[in-house]
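# Structural overview
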Amino acid sequence: GIPFAVTEKTTSAFAVDFGRTAPGNGAVGMDTGTRLRVAFTRDFDPSFTSKSEFFRLSKTGVADYRVAGSFSIFPDGFEFLPSEPLDPRTSYTLTIFPSLRDRAGNALAASYTSTFTTGGASATIGTLTGKVTDADGALLPGSYIHVYSPYAPVPYASAVGSSPYPYRDYFS
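From a predicted model like this one, the values you see are computed outputs, not experimental measurements.

One open sheet holds the four strands; their spatial order is β1-β7-β6-β3, and the pairing between them is mixed. Edge positions in the sheet fall to β1 (27-30) and β3 (55-59), since each has one partner strand and no second. Neighbour-to-neighbour, the strand axes of this sheet turn through a mean angle of 25°, independent of strand direction.

Here it is in structure tokens:
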């Protein structure tokens, strides 16, 4: 075989893709269960997420306050799921540091900072009534349905397995 090398040619800076990052800068009324999505203009090297601080979510103006949570890494970005619901009616600052690199080794062009504000508490409690029947209308005792409560788009990391919300079984 003939030896060869593949070189990635980049024509634009490695940066945060504002159009695919949520919540957007200045967003208001965000759900307290918001999952943050940060997207980049091209694939990034996830090995840099463990080498130094690359991300911070904090309450705006509160020194040394960081929101704890977990990450899901994708080729072109990541999602951050807070461990607990965010405080209602609170301003948060999201910062992405230039310690991140793309797959070609280029650093993020500049730090990215945005702020967003949560709305009021979004969790509500209601009652579900009804019965499970077959196609002929006969009651199916012992059957149940799974209900997803839309007030929290994803379960909080700390609530999985310990809280009845947002998932709950209802029995007939």
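Within the secondary structure, Lys 59 is located in strand β3. On the accessibility criterion, Lys 59 (19% relative accessible area) is buried. A polar side-chain atom of Lys 59 sits 2.5 Å from a polar atom in the side chain of Asp 87. In this structure Lys 59 touches Tyr 65, Asp 87, Thr 90, Ser 91 and Tyr 92, once residues within four positions along its chain are discounted.

Residues Phe 40, Phe 55, Leu 57, Phe 78, Leu 94, Ile 96 and Leu 100 are the most contacted members of the largest nonpolar core, which totals 22 residues. Breaking this core down by element, the ones donating at least two residues are β2 (36-39), β3, β5 (77-82), β6 (91-96) and β7 (112-118). Top contributing element to this core by residue count: β6, with three residues. When neighbours within four sequence positions are excluded, Leu 100 is seen to be in contact with Phe 14, Phe 40, Phe 44, Phe 48, Thr 49, Phe 54, Asn 106, Ala 107 and Leu 108.

What follows deals with the sheet that holds β5. With antiparallel pairing, the three strands of this open sheet are ordered in space as β2-β5-β4. The open sheet is flanked by β2 and β4 (69-74), the only strands paired with a single partner. Direction aside, neighbouring strands of the sheet carry axes that sit 20° apart on average. With six bridges connecting them, β4 and β5 associate as antiparallel partners. Bridge pairing in β5 links Phe 74 to Gly 77.

Conventions and cut-offs
Residues numbered from 1 in each chain as written. Predicted model: local features only at pLDDT ≥ 70, side-chain atom pairs only at ≥ 80, totals over all residues. Heavy atoms only, no water. Pairing = 2+ DSSP bridges. Helix = DSSP H or I, 4+ residues; strand = E, 2+ residues; numbered from the N terminus. Axes fitted to C-alpha atoms, helices over the stretch in contact; angles between N-to-C directions. Buried < 20%, exposed > 50% of the residue type's maximum accessible area, 1.4 Å probe, protein only. Polar contact = N/O pair within 3.5 Å; in protein donor to acceptor, adjacent residues only side chain to side chain. Contact = heavy atoms within 4.5 Å. Core = buried A, V, L, I, M, F, W, Y, C linked by side-chain atoms within 4.5 Å.

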